[in-house]
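Residue-level structural notes
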Amino acid sequence: MRIHLIAVGVRMPAWVRAGYEDYARRLPPECRLRLVEIAPERRGRRPDLRRLLAAEGRRMLAAVPRDSRVVALDAGGREWSTPELARRLGDWLAGGRDLALLVGGPEGLDPACLDRAAEHWSLSRLILPHPLVRVVVAEQLYRAASILRGHPYHRD
């Protein structure tokens, strides 16, 4: 199974790239993580947010590999504990389909992306900067994979 982290935003700070790459590199081959960056729409003085979100959403959905299970990272989604994420990762691995995780830009995800998602995952009730979400998702996937493999990285 491949995990595709499809995120709005390009040219991230070095600390974001380094953090994401560190955890992505640690993941076992059976759940390799691939980042797909979607260029954000240009925001002017009075942006038409619905139009911007729709354009970003179309590009995100076009980047979802065929037959992938889609999970939207959304503030309105369900929060999962780390052990719960590990169980879900185990189920996703057993299902054999690729997984596409959608991370929107500053305004979130287009309704079409939310509609396409089988599940909505909230990392926290806190509002996190979108670049940080990449690092947190990569780390939590690594932690979940560690739990499944019985690796000592995760400690309760």
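Residues numbered from 1 in each chain as written. Predicted model: local features only at pLDDT ≥ 70, side-chain atom pairs only at ≥ 80, totals over all residues. Heavy atoms only, no water.

Strand order in this open sheet of five strands is 2-1-4-3-5, and the pairing throughout is parallel. Each edge of the sheet is formed by a strand with only one pairing partner; in this case those strands are strand 2 (32-38) and strand 5 (119-122). Neighbour to neighbour, the strand axes of the sheet diverge by 30 degrees on average, direction disregarded. Pairing analysis gives five bridges linking strand 1 (residues 2-8) to strand 4 (residues 99-103), with the strands arranged parallel. Each bridged residue has a counterpart across the sheet, and for isoleucine 3 the counterpart in strand 4 is leucine 99. (Pairing = 2+ DSSP bridges. Helix = DSSP H or I, 4+ residues; strand = E, 2+ residues; numbered from the N terminus. Axes fitted to C-alpha atoms, helices over the stretch in contact; angles between N-to-C directions.)

Counting residues in each nonpolar core, the largest one holds 28 residues, and the members touching the most others are Ile3, Leu33, Trp92 and Leu101. Going through the elements one at a time, strand 1, helix 1 (14-26), strand 3 (69-79), helix 3 (82-95), strand 4 and helix 5 (130-149) are the ones with two or more residues in this core. Per-element tally for this core: the top contributor is helix 5, with seven residues. Those residues within four positions of leucine 101 in sequence are excluded, and the remaining contacts are Ile3, His4, Leu5, Ile6, Val71, Leu73, Val137 and Leu141. (Core = buried A, V, L, I, M, F, W, Y, C linked by side-chain atoms within 4.5 Å. Buried < 20%, exposed > 50% of the residue type's maximum accessible area, 1.4 Å probe, protein only. Contact = heavy atoms within 4.5 Å.)

Here we come to the packing of helix 1 against helix 5. Look at helix 1 against helix 5: their axes get within 8 Å of each other, and the N-to-C directions meet at 15 degrees. Classified by the angle their axes make, helix 1 and helix 5 are roughly parallel. In the packing of helix 1 onto helix 5, the handedness of the crossing is left-handed. Across from Trp15, Val16, Gly19, Tyr20, Tyr23, Ala24 and Arg26 in helix 1, the residues of helix 5 making contact are Pro131, Leu132, Arg134, Val135, Ala138, Glu139 and Tyr142. (Parallel < 35°, antiparallel > 145°, perpendicular 65-115°, else oblique. Left-handed = near helix turned anticlockwise from the far one by under 90°.)

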